Amino acid sequence: MINLETLNDRQKQAVTAGMGPVLVLAGPGSGKTKTLTYRIAYVIEKKLVHPGQILALTFTNKASKEMRERVNKLLTKFPGAAERLTMGTFHSVCARILRKEIGRLGYGQDFVIFDSDDQQKILKEICEELRLGKSLPPQLFSALISRAKNLLQLPSEMNLDLDSRMKEKVREVYVRYQDQLVAQNALDFDDLLMLTVKLFEAEPAVLEKYQQLYTYILVDEYQDTNLAQYQLLRLLGVHRRLFVVGDDAQSIYGFRGSDITNILNFEKDFPECEIIKLEQNYRSTRNILAVAQKVIELNSEQKPKTLWTENHDGEKITLVQADDEKAEGEFVARKIVELAGGKKDEPVYEPDTSQNPAGMSILDRFLLAKKKYGASMAGFIRALPQLPKDHDSLKEFCILYRTHAQSRSIEEALIQSGIPYQIVGGYKFYDRKEIKDMLCFLRLAQNYRDLVSLKRVLNEPPRGLGEKSYQVIRDFILESGAKEKDVPIREFRSAFAEVKLSTKQWQSAQSFFEALEEFNSLPKSATLPELISLIIRRFRLEQTLRDGSEKGESRWENLEELLTVAQKFKNLNWPEALTEFLQEVALLSEIDQKNEEKDAITLMTLHSAKGLEFDTVFFVGLEEGILPHSRSLVEPKDLAEEVRLAYVGLTRARKNLFLVFARSRMSYGTRHIQTPSRILKAMPQERLTFVSGAERIFEDSGEDGIVVEKMEF
DNA sequence: AGCGCTCAGCTTTTT
DNA sequence: GCTGAGCGCT
């Protein structure tokens, strides 16, 4: 039996609500996840719905994994029930549906998922073909096409708010781009959502099947849904048995089409709905909440909601003025040593050489900094206080910033103090060359029409096939696909005899495709690791990577690590395992890659931090142009999103919150004088304590902003 | 085809 | 200050 007594009145009301539409407006730290998991457990326990009929949509894979575990713990009397829930992100659930049904839309079941890099490559080729010049770069089209898809507009339906000349151009590129995706049997991220909606609209029978399958739908982070996701919920949720949770004050994905009006209009869409507000905060101290509250009040259009807490005031929030980004990092590092230092006076002189996720050992990073500052190792190590070996856990510290680019200066200070850290996002394991190459081989094994992958590995390792050969082969694949879709690779390869290449290149290409065919004729009972090993052997990847250099050795180790990851799919036949594996890798979110075990502080962007909490948070770079970001200053609605972003950042902290701004900062290779963020000025002075003159932000400074005295560098 | 050199342009945020 | 495109040389 789940114990409702551990819930407060509002939470209980939500958990035990009727089966009609329910909107839970949940402030940060108000027990949103708890409410959601209890709700799922409750409807199962009361037999209001079968576990297999529940669809729970979350924002990240990590969140869904956690939720499944928590539901499982609550349902001790229903063993296995949690496994039967359908849970995942919108993207992964759509991918699963499409994997079954996409034949009806003219794609093959073996479709691959293109990430933004892949997308960019196609768009680049199209822009070059159309000779669009520098004023119309691929990035522009990728943003606009994404916007169109999020609004559910196919190329033929495209109607973005643009002048007619531009609209024509975008349409032209969009048509070609989408044709390419179809020819390559590939879907981009936005297609996963859009095509699922299009499928449901075109095929009532399919829609009905899923409507009957998922009779109860729960959505986390509802404020971040876009039109496609909204439409999907309207279609699937005809039964109106919906339970959505969100906080309009934490809507931070407007840039990728999320529409805050989805949550604001919930009552209009579902007039019979129940609305429950969770306003008691269990996470943060009163000081932290008071500061966050004042910040969010900068936005007038927020749904009124007042957080309160029984927690005590706690420490005041520390506002720090640093001279520059280097001093900013040093402050953070010093403070961490002070707070987590444990026994003092036992400096560690050996830099930690364990790998960090950025792929560079701490020692490498040290050498880099040494090159930069010309410091000797002794001087370098002495430069900052060191973290003793018996330090407290570092898992409860996090450093937040607006953009990835800000991490560098912080990292350097952390290395100098010997503080282990992990970065979420930025360079990913799956972005490394040797890993990406292997993924491309695997993608080709699944779907040889994937030209983005083909281009990448056609000459990897070198076999004399360059740009020219690629183009000839590409045209051949496109033509053969136009004539007849779904030609198996065996037949494709016999037709390949007609390809117009010089003898040497023809033979080389022939043997490349022979290898692909070999992978395809691997017995079905083989496993994914076996397929990977075969690829390694057939393309002599081990010999190529292990060239005797240290770097080569580490690349090979990365490939071995990929093999380890693939072990997870050993119990499946390779074709299924391959599909699952590629899909999972493609839809991995930044935060999914965070290592929970590792005793290290976490560095990440504000966006990645949503939904997380830490005892101590360092919030850095609180300057005009960074937060709010300079690109957000034109549109008031973008500025409001920056304020919400700040709100998200502040409310991650449980006990200690440090806010840092720098007087000057290096960007684009030149030093810029910085102005403290307007967001800081909104904070209640009496909740703050100041370091090195930070109080100046409250000094009288006239109407529009803060006067900063000129400084010399 | 592949290497190395020079110079421009650049940074939001993510599935 | 870093990356990646473009060019010229081998």
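Refer to the structure printed above.
Along each chain, residue indices are assigned from 1 in the same order as the chain's sequence is written. For naming, the first written chain is A and the first written ligand is 1, with later ones following in the order written. In view of the model being predicted, local features appear only for residues whose pLDDT reaches at least 70, and side-chain atom pairs are presented and counted only at 80 or more, with totals across whole chains, interfaces and linings using the full set of residues. With hydrogens and water excluded, all non-hydrogen atoms of the structure serve as input to the side-chain values.

1. Comments concerning the environment of Q593
Part 1 of the argument: A run of H or I in DSSP counts as a helix once it spans at least four residues, and a run of E counts as a strand once it spans at least two, with each numbered from the N terminus. With respect to the helices and strands, the residue Q593 is situated in the loop between α27 (574–586) and β12 (601–605).
Part 2 of the argument: Taking C-alpha positions, Q593 is 8.2 Å from K428, a pair spaced 165 residues apart along the chain.
Part 3 of the argument: The contact criterion used is simple: two residues touch if any of their non-hydrogen atoms lie within 4.5 Å. If we skip the residues at most four places from it in the chain, Q593 touches K428, F429 and L588.

2. Structural notes on the environment of K47
Part 1 of the argument: Structurally, K47 can be placed in the loop between α2 (32–45) and β2 (54–58).
Part 2 of the argument: Distance in space between the C-alpha atoms of K47 and I673 is 62 Å, their sequence separation being 626 residues.

3. Re empty space enclosed by the protein
Part 1 of the argument: Within this scheme a cavity is a closed region of a 1 Å grid, computed over the protein atoms alone, that accommodates a 1.4 Å probe without allowing it to escape, whereas a pocket is open but has protein on both sides within 12 Å along at least five of seven lines; lining residues each have an atom within 4 Å of a point. Grid points are joined across faces, edges and corners, and a volume is the space filled by probe spheres set on the points. As enumerated under the stated definition, the model contains 5 cavities of 30 Å³ or more in all.
Part 2 of the argument: What the largest cavity holds in volume is close to 40 Å³.
Part 3 of the argument: Lining the largest cavity, in full, are T58, F59, F90, V219, D220, E221, D224, T225 and Q229.
Part 4 of the argument: Residue classes follow a fixed rule: Ala, Val, Leu, Ile, Met, Phe, Trp, Tyr, Cys and Pro count as nonpolar, while Asp, Glu, Lys and Arg count as charged, and any other residue, Gly among them, counts as polar. Broken down by class, the residue content of the lining of the largest cavity amounts to 3 nonpolar, 3 polar and 3 charged.

4. Digging into the sheet that holds β2
Within a sheet, adjacent strands bond to each other through the backbone by hydrogen bonds, running parallel or antiparallel.
Part 1 of the argument: The parallel open sheet is built from 6 strands, whose spatial order is β3-β2-β6-β7-β1-β8. Taken across any chain shown, the strands that pair with only one partner, and hence form the sheet edges, are β3 (86–89) and β8 (274–278). In this sheet, adjacent strand axes meet at a mean angle of 15° when their direction is disregarded.
Part 2 of the argument: Judged from the 5 bridges that link them, strand β1 (residues 22–26) and β8 form a sheet pairing that is parallel. Its bridge partner being in β8, A26 is matched across the sheet by L278.
Part 3 of the argument: The sheet strands contacting helix α3 (residues 61–74) are β2 and β3, and the helix crosses β3 at an angle near 155°.
Part 4 of the argument: Of the strands in this sheet, β2, β6 (216–219) and β7 (242–246) are in contact with helix α11 (residues 227–236), which crosses β6 at around 160°. What makes two strands pair is DSSP finding at least two bridges between them. Lines fitted to the C-alpha atoms define the axes, with helices restricted to the stretch that makes contact. Angles between their N-to-C directions range from 0 to 180 degrees.

5. Things to note about the pattern of salt bridges
Part 1 of the argument: Note on definitions: salt bridges are taken to be side-chain nitrogens of Lys or Arg within 4 Å of carboxyl oxygens of Asp or Glu. On inspection of all chains with the given rule, the structure shows 55 salt bridges.
Part 2 of the argument: Between K12 and E5 there is a salt bridge whose closest N-O contact spans 3.9 Å.
Part 3 of the argument: Buried means the residue's accessible area, taken with a 1.4 Å probe over protein chains only, is under 20% of the maximum for its type, while exposed means over 50%, and partly exposed covers the values in between. Using a relative accessible area of 62% as the deciding quantity, one classes E5 as exposed.

6. Quick look at helix α15 (residues 325–340)
Part 1 of the argument: Here the expected span of a helix is defined as 1.5 Å times the quantity of residues minus one. A rise of 1.5 Å per residue sets the reference length of α15, with its 16 residues, at 22 Å; its end C-alpha atoms lie 22 Å apart and thus fit the reference within 8%.
Part 2 of the argument: Taken as a whole, α15 has its buried residues at E325, E328, G329, E330, F331, V332, A333, K335, I336, V337 and A340.
Part 3 of the argument: Polar contact is defined as a pair of N or O atoms within 3.5 Å, subject to the rule that within protein one atom must be able to donate a hydrogen and the other to accept it, and that residues adjacent in sequence are counted only when both atoms are side-chain atoms. One side-chain oxygen at the N-terminal end of α15 lies 3.1 Å from the backbone nitrogen of K326; it belongs to D324.

7. Observations regarding the packing of helix α9 (residues 189–202) against α11
Part 1 of the argument: Relative orientation of the contacting elements α9 and α11 amounts to 30°, with a least axis distance of 9 Å. Regarding the angle of α9 to α11, the classification is roughly parallel. Like other packed secondary-structure pairs, α9 and α11 cross with a definite hand, here left-handed. In this structure, α9 contributes L193, T196, V197, F200 and E201 to the contact, and α11 contributes A228, Q229, Q231, L232, L235 and L236. Angle categories: roughly parallel below 35 degrees, roughly antiparallel above 145, roughly perpendicular from 65 to 115, and oblique for all the rest. What makes a crossing left-handed is the near helix being turned counterclockwise from the far one by less than a right angle; a clockwise turn instead makes it right-handed.

8. Re the layout of surface pockets
Unfilled space is identified by rolling a water-sized probe across the atoms.
Part 1 of the argument: The space that makes up the second largest pocket amounts to roughly 960 Å³.
Part 2 of the argument: Lining the second largest pocket are 39 residues, with Q109, D110, N185, Q446 and N447 positioned closest to its centre.
Part 3 of the argument: At the level of elements, α5 (90–101), α8 (164–183), α19 (433–446), α21 (467–483), α22 (489–495), α23 (503–520) and α27 are the ones that each hand at least two residues to the lining of the second largest pocket.
Part 4 of the argument: Of the residues assigned to the lining of the second largest pocket, the class counts are 15 nonpolar, 11 polar and 13 charged.

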